[in-house]
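Analysis of the macromolecular model
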Amino acid sequence: MQKNIYRTILSISMAVVLVFSAVVTAVGYNMYKSFIEKQLKSAAYICADEWNESRDVKKIKQILSNIADYDIRFTVIDSAGNVTADSVGEIGENHSTREEVRQAVKNGSGDATRVSETLGQNLYYYAVKTDDGVLRLSIEYSNLMNVLVLLVALVLNISAVIVVIVGIVSSRLSEKLTKPIEDLSRQISSVNMYSMRPAEITTDCKEIEPIAKTAEAMANEISNHLKEIERTSQIRREFTSNVSHELKTPLTTVRGFAEMMKSGMITDKEEIARTAGLIYDESDRLLNLINDIIELSHIEENSAKKLSPVRIDELINKAAELMRDKAVKNRVHIHIAAAPITAEVNSGYITELLINLIDNAVKYNKPDGNVWVSAEISKNTMILKVSDDGIGIAEEEQSRVFERFYRSDKSRSTQGTGLGLSIVKHIAAYHNADLEMYSTPGEGTTVVMKMSV
């Protein structure tokens, strides 16, 4: 596990560094190229003003040597297009048809990039109209290529240093991440379920402390209830197996795509962006799974109830609003019919319960389907109901839908963590409420929570 995390972090980091290096190189080169071209244009206007005043070639050369530390060629062209002076000392053919000269005569200035017929080099030209013709400056693009080579070398050296640092940090980070989990795993595996002594599972890692406490509570409960030892042990084994499977799937996907990027199998920019999106989606799925596991653990171990008077209709409106975008995306309509009821509840848990129920009602619905959320008081009992006219649940599966990681619709297994209804069940138990479900395949599902008020 440590090696996999190390390789994943390092692979993603290297991919990011390579992309960053390419972007920095391209941006740096373009900025330098733009700077040189702007400098050449500025020099052209200065030289044109000097030429209009003095007609002195030596002064033009002096100006150019003061402006730049690289070679700038200048050419003086009369109104007929003939070259009257050139810094390379060669007078070529008539230049009146050259693109930059034509633009300068017509518009006052012009530029072009091409291979010089006189020098046989790729040049950038900028021409400015003067009183008696045109003054043109040019620079070899080979000078810019030298800058590009130096820039690439610099970026590659910096990138190499970054990769080495990331490698060291990744190694230490992966060890730090996996050691508490490995220690916790060893403690869990060493617990004797048949021992009469209370089990002690400890960890120095606060992030996984809820899992450690849950595992410890489970072990002690098993020890205290020997008659149910086999059944409880089976539940624990299934939970551990499901957690391992659910965590492994997105991690394996992320690792696979990262290795493809590392090996160079993906080079197209659009494909790289698509792959990065897939890695992001799988990481988000993994985060949602971990959050659900922690939420479930928190509810299970929170024996001291924290209740306060809350308006239930306000919680319903809040949950429905949070799910509104998803409902619109799935073309599902949410209808609310909630009386102004105040009840002693944990507002965070009830909101979570409503979100999970509405989410399922939207997710397992059909286009132009409906979701109804209602709350009412009847004989000192609050009845909270979420109904839909979606795909429904088969009768043989209805008794299992509140189990952890169970999904009745396998074709949509990637849309959730499989813990939503398990969280709903535990929140209902937290409030000493009864939970009922009615469903007909093809017609819809209704979940009802009844709580004394």
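Structure shown above.
So, how was this worked out
- Residues numbered from 1 in each chain as written.
- Predicted model: local features only at pLDDT ≥ 70, side-chain atom pairs only at ≥ 80, totals over all residues.
- Heavy atoms only, no water.
- Helix = DSSP H or I, 4+ residues; strand = E, 2+ residues; numbered from the N terminus.
- Buried < 20%, exposed > 50% of the residue type's maximum accessible area, 1.4 Å probe, protein only.
- Contact = heavy atoms within 4.5 Å.
- Areas by Shrake-Rupley, 256 points an atom, 1.4 Å probe, with all protein chains shown as cover.
- Core = buried A, V, L, I, M, F, W, Y, C linked by side-chain atoms within 4.5 Å.
- Pairing = 2+ DSSP bridges.
- Axes fitted to C-alpha atoms, helices over the stretch in contact; angles between N-to-C directions.

Of the regular secondary structure elements, the protein chain holds 11 helices and 12 strands. Taken across its 453 residues, the protein chain has 40% of its residues classed as buried. Within the protein chain, contacts between residues separated by at least 24 positions form 63% of all contacts whose residues are at least 6 apart in sequence. For the protein chain, the computed accessible surface area is about 25600 Å², with 54% contributed by carbon and sulfur atoms.

Ranked by internal contacts, the top residues of the largest apolar core, which has 41 residues, are Ile 312, Leu 353, Leu 354, Val 371, Leu 384 and Met 449. Only helix 8 (312-322), strand 7 (332-338), strand 8 (342-345), helix 10 (347-363), strand 9 (369-378), strand 10 (381-388), helix 11 (420-430) and strand 12 (444-452) provide two or more residues apiece to this core. Counting residues per element, this core draws most heavily on helix 10, which supplies eight residues. Leave out the neighbours within four places in its chain, and Leu 384 touches Ile 312, Ile 316, Leu 353, Leu 354, Ser 374, Ala 375, Val 447, Val 448 and Met 449. Core analysis: the second largest hydrophobic core is formed by 22 residues, Ile 60, Leu 64, Val 128 and Leu 135 among them.

Burial of strand 12 is extensive: seven of the nine residues sit out of reach of the surface. For strand 10 and strand 12, the ladder comprises seven bridges, and the chain directions are antiparallel. The residue of strand 12 that forms the bridge with Thr 381 is Ser 452. Count of turn residues in the strand 11 (residues 434-440)/strand 12 antiparallel hairpin: three residues, of which Gly 442 carries a positive phi of about 85°.

The next point concerns the sheet that holds strand 1 (residues 73-78). Overall, antiparallel pairing links the five strands, which are arranged 2-1-5-4-3 in an open sheet. Every interior strand has two partners, whereas the edge strands, strand 2 (83-86) and strand 3 (109-115), have only one. Neighbour to neighbour, the strand axes of the sheet diverge by 20° on average, direction disregarded. The pairing of strand 4 (residues 122-130) with strand 5 (residues 133-140) spans eight bridges and is classified as antiparallel. The residue of strand 5 that forms the bridge with Lys 129 is Val 134.

Everything listed here is a matter of geometry and, on its own, says nothing about what the molecule does.
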